[in-house]
Amino acid sequence: MKVLKFGGTSVANAHNIMKVVALLEKCKERKVVVISALKGVTDALNEAINKSQSHNDKYEIILKELYQKHCDVIVQVIPEKNQEAILEKVESCFRQIDNLLKGSFYLGELSPKKKDFILAFGEILSSRIVYEKLKSEKQKVAYWDAQELIVTNSNFGNAEVNFELTDYSIQYYFERCQADIIIAPGFIAKDQNGNITTLGRGGSDYTAAIIAAALDADQLEIWTDVSGMYTANPKIVKQAKPIDHILYREAMELSHFGAKVLYAPTIQPVLNKNIPVQIKNTFEPEAIGTLINNKKNDSINPVKGISHIGDITLITVEGSGLIGVYGVSKRLFGAIAKEKINIILITQASSEHSICIAVSENDSLKAKAAIDEEFKYEIKQQKIKPSLVENDQCIIAVVGENMKNHQGLSGKIFSTLGKNNINIRAIAQGASERNISSVIDKKDVKKALNCLHEKFFEGNIKQLNLFIAGVGNVGSKFIEQIQQQKRYLKDNLKINIRVIAVCNSKTMIFDQDGIDLNNWENLLKGGEMACIDSFLSKVEELNLRNSIFIDNTADNQIASVYQHFLKQNVAVVTCNKIACSSDYENYVQLKNLSLKYGAPFLFETNVGAGLPIINTLKNLIVSGDKVNKIQAVLSGSLNFIFNHFCADYSFHDIVKQAGNEGYTEPDPKIDLSGIDVMRKILILIRESGYQMEIDQIHNESFLPKEVLEAESINDFFKALEENEAHFKKLFLEASSKNCRLKYVAEFENGKAKVGLQLIEKEHPFYNLEGKDNIVLFHTDRYAEQPLLIKGAGAGAAVTASGIFADVIRIANI
Ligand code: ADP
Ligand code: ASP
Ligand code: MG
């Protein structure tokens, strides 16, 4: 025979109840079927109790809704001629609840005994509905008042079972029962004085296990709304997968640490009798679900699952009075036990200077009061400090029987959390090594679960979450490249890229499941108004692992917020040169924040677009080389302009063309005035290890005064047109000397300058084509021949690919 239990969602409404009935009809074995309250009913009854206790008459509305909900289900499920008795039952139950809550409303209190009496109605009614339905279908069905069979102590709300009496009565009734199907309410029992008790929230699973153990059932089936026990809570970790097979002890640990799919005490009775437990999905019965038994298997992954308990308080007892004093822990735990408070985790430093316990946040005040009372004498003598209470914590448990046979697992757990900037407040690992638990801040729970899950279950696939600012030439190319490469990256590099946010100067969009990159332009058009502050708070609120902010703008304001991202452990990748060429102090601070918070700050595209200039320079420096001199043509746009400028074209037209082809900054004056090149050489100088500010770079401009002073882009182009003669003169002077014009940046002996130079035929810069860049690094190691890097140094596609390379670099860290 089997015991089956159907949870709240499985009987949430008429439609679901019909599914349950169909499943029961299919199962030909003899069976006891335990039913939970309709979904949400226990919560609603609890809420009504709380409201009535605080003199809030809204409890009446809740009761009315609950009453209606039950009546509706009955009318839809049970044939009319069989409805009368059960509708009367509903009527009478709600009358009783109403009477009790009226009293509680006036008195402002309700005893735990009466609360259990009220909560029990959820299961009493749901199980009756299923029973009446089966009866109306002429099934051989019986109804058990499980509360008459399961005997507990009088610890209302979380009563403990007297197995001797309980097993006896269950066996007694079963032997005398002829029915094929026996329906029973879950969750409820009675104490020896005949008062109704409850077995703790989620306790219907436990009822089923108690019955299965008493009857030596062949199997216990827990039918719920998910296809088994998952590697992590599927509502929080999208990638979580059902576990096909798990040991009793592992399931017990996972459920004890919050895997709500199975109420923690459920395993104990069936474990003693070695009864297999199968978790199944009422809405997907063909899915295999999870089998729980004691048959060891050789799964390769030592970790079986990750679970968590939220709303935890850490209480620390600290002081010299604890050191070497016999019986302190006994007194501490005794004081807590007296208050019937469950200690979830304990750690004690080997110095014995402090003991730290984790309890449910609901118990924190009571626990503190009990501890401080117990040690009041020592506290008065200042041998022990009053206990320190820290709320808003949570416990993450990584569970697996085979963990003990694998070294380095805790290292992996802690480094994964550390890399994601998640601070671990306390750690506990039992000697069984079946469970490593860490206490962390509640705000980090989602991130912690996801990054640990990624580490242990996702075949080393790393998910990157991108927040993109700027969708102009470079930004839109970058999105296009991600879209093209997504599959390849996943299959070959095990990198899964999701774009979580996109913003331009007008609007912004967020989607934590990843924006549809086929439609981002339309989505962005309909996005909310762009605002950098709300963008920042949204990133903070989402708190996703492996987050990268990508700045594809040339915007001052955006460059000024990098530090906020880095402090939140969000990496920054930027082609915007403003931050790295701002005050030296700011540049250094960004680098320090990046180190401190473990958030990479990469800006390869600041110099030479996609060319590997900065990374090469970094490698030279970290390997101990010293840069003595830099010579470079760093402006793709100026190079393009001077390569195309000749007697046949006007300077003005060439500058326009460079802009149209995407080789200049949005404001071309930034290129032509030399500022852009100054920024670039400054960044190379700083990356070489020298301290310099932008105004220390000598800039001899080739632009006439009116062009330099033009205030708008229009005025600028007008001034270029008016000064054509000046530019022609520059060109003719160069060609008369068989030279070419190149805009060169130089650094030597601590001094830097930028400016237009006449380059002779023999010089490596002479043949620099189109929009190419070239850099010569003269270093200790490259003394005779400089290290030369040359190639396309401007353009949306190459810049976007440089940003892409930085993103991939972060994935590989
Ligand atoms: P029922 O009402 O059927 O008893 P519960 O709500 O008590 O169902 O438990 C099922 C829920 O448990 C799932 O919907 C899921 O949100 C949650 N859950 C938490 N952790 C896990 C996990 N590791 N595996 C599966 N479900 C989990
Ligand atoms: N109805 C009870 C609860 O919601 C018991 C259960 O569903 O298992 O906690
Ligand atoms: Mg449950």
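Let us look at the structure shown here. Please read these numbers as outputs of a predicted model, since none were measured by experiment.

## Some details on the site of ligand 2
1) Next: The environment of ligand 2 is made up of S36, A37, T42, E123, F187, R201, G202, G203 and S204.
2) Next: Taking R201, its side chain carries an N or O atom lying 2.6 Å from an oxygen atom of ligand 2.
3) Next: Contact with the protein chains covers 85% of the free accessible surface of ligand 2, which is 260 Å².
4) Next: The residue inventory of the shell around ligand 2, partitioned by class, reads two nonpolar, five polar and two charged.

## Side note on unusual backbone geometry
1) Next: You will see that Q382, though not glycine, has its phi angle at about 60°, which is positive.
2) Next: Look at Q382 and you get exposed, because its relative accessible area is 70%.

## Section: the site of ligand 1
1) Next: The environment of ligand 1 is made up of 16 residues, and the closest members are T224, D225, Y230, K235 and K260.
2) Next: In this structure, an oxygen atom belonging to ligand 1 sits 2.7 Å away from a side-chain N or O atom of K260.
3) Next: Taking V261, its main chain carries an N or O atom lying 3.4 Å from an oxygen atom of ligand 1.
4) Next: In the complex, the protein chains occlude 90% of the 560 Å² of accessible area that ligand 1 would expose alone.
5) Next: Partitioned by chemical class, the residues of the shell around ligand 1 number seven nonpolar, five polar and four charged.

## Some thoughts on the packing of helix α1 (residues 14-26) against helix α5 (residues 112-136)
1) Next: Running from N to C, α1 and α5 cross one another at 55°; their axes reach a closest spacing of 11 Å. When the axes of α1 and α5 are compared, the pair comes out oblique. α5 is crossed by α1, and the crossing has right-handed handedness. Contact residues: α1 offers I17, M18, V21 and L24, while α5 offers I129, V130, K133 and L134.
2) Next: Taken together, the residues that form the contact of α1 with α5 break down as seven nonpolar, no polar and one charged.

## A short note on the sheet that holds strand β14 (residues 354-360)
1) Next: Taken together, six strands build an open sheet; the order of strands is β13-β14-β12-β15-β17-β16 and the sheet is antiparallel. Edge positions in the open sheet fall to β13 (343-348) and β16 (424-429), since each of these has one partner strand only. Between one strand and the next, the sheet's axes are offset by a mean angle of 30°, whatever the strand orientation.
2) Next: Sheet topology note: the β13/β14 ladder contains five bridges and is antiparallel. Its bridge partner lying in β14, L345 is registered against A358.
3) Next: Its contacts with the sheet place helix α9 (residues 248-256) against β12 (305-318), β15 (388-399) and β17 (435-441), and it is angled at close to 60° to β12.
4) Next: Contacting β12, β14 and β15, helix α12 (residues 364-374) runs over the sheet at an angle of about 35° to β12.

## A look at the packing of aromatic side chains
1) Next: Counted by the stated rule, this structure contains 31 aromatic pairs.
2) Next: Residues F640 and Y663 carry aromatic rings whose centres are separated by 4.9 Å and whose planes lie at 55° to one another, so their mutual orientation is tilted. Taken together, the residues span a long stretch of sequence, with F640 in helix α23 (residues 636-644) and Y663 in the loop between α24 (651-660) and α25 (669-672) at a distance of 23 residues.
3) Next: Linked through ring pairs, F467, F510, F535, F549, Y562, F565, F601 and F603 together constitute an aromatic cluster.
4) Next: Looking at R176, its charged tip hangs above the ring of Y172, at a distance of 3.7 Å from the centre.
5) Next: Taking the ring centre of F510 as reference, the NZ or CZ of K538 above it sits at 5.2 Å.

Definitions and limits used
Sequence order sets the numbering: in each chain, residues are counted from 1 along the sequence as written. Labels follow written order: the first chain is A, the first ligand is 1, and so on. It should be noted that, the model being predicted, local features are given only for residues of pLDDT at least 70 and side-chain atom pairs only at 80 or more, the latter also being counted only at that level, while totals for whole chains, interfaces and linings use all residues. To obtain the side-chain values, all non-hydrogen atoms of the structure were included, while hydrogens and water were left out. For each residue, the test is whether any non-hydrogen atom lies within 4 Å of the molecule or strand; if one does, the residue is near. Polar contacts here mean pairs of N or O atoms no more than 3.5 Å apart (in protein, one a potential hydrogen donor and the other a potential acceptor; neighbouring residues in sequence count only if both atoms are side-chain atoms). What sets the accessible areas is the Shrake-Rupley method with a 1.4 Å probe; for residues, cover comes only from the shown protein chains. Residues are grouped as follows: Ala, Val, Leu, Ile, Met, Phe, Trp, Tyr, Cys and Pro are nonpolar; Asp, Glu, Lys and Arg are charged; every other residue, Gly included, is polar. Accessible area is worked out with a 1.4 Å probe on protein chains only. A residue is then buried under 20% of its type maximum, exposed over 50%, and partly exposed in between. Axis definition: a line fitted to C-alpha atoms, limited for helices to the stretch in contact. Angles are taken between N-to-C directions and run from 0 to 180 degrees. For the purposes of this entry, the term helix denotes a DSSP run of H or I that reaches at least four residues, the term strand denotes a run of E that reaches at least two, and both are numbered from the N terminus. Note on terminology: angles under 35 degrees are roughly parallel, angles over 145 are roughly antiparallel, angles of 65 to 115 are roughly perpendicular, and the others are oblique. Put simply, a crossing is left-handed when the front helix is turned counterclockwise from the back one by less than a right angle, and right-handed when it is turned clockwise. Any two residues whose heavy atoms approach within 4.5 Å at even a single point are treated as in contact. Strand pairing follows a simple DSSP-based rule, namely that at least 2 bridges must link the two strands. When the centres of two rings from Phe, Tyr and Trp lie within 6.5 Å, Trp using its six-membered ring, the rings pair. Their planes under 30 degrees apart give stacked, over 60 give edge-to-face, and anything left gives tilted. Only Lys NZ and Arg CZ are tested; either one counts as a charge over a ring when it is within 6 Å of the ring centre and within 35 degrees of the ring normal.

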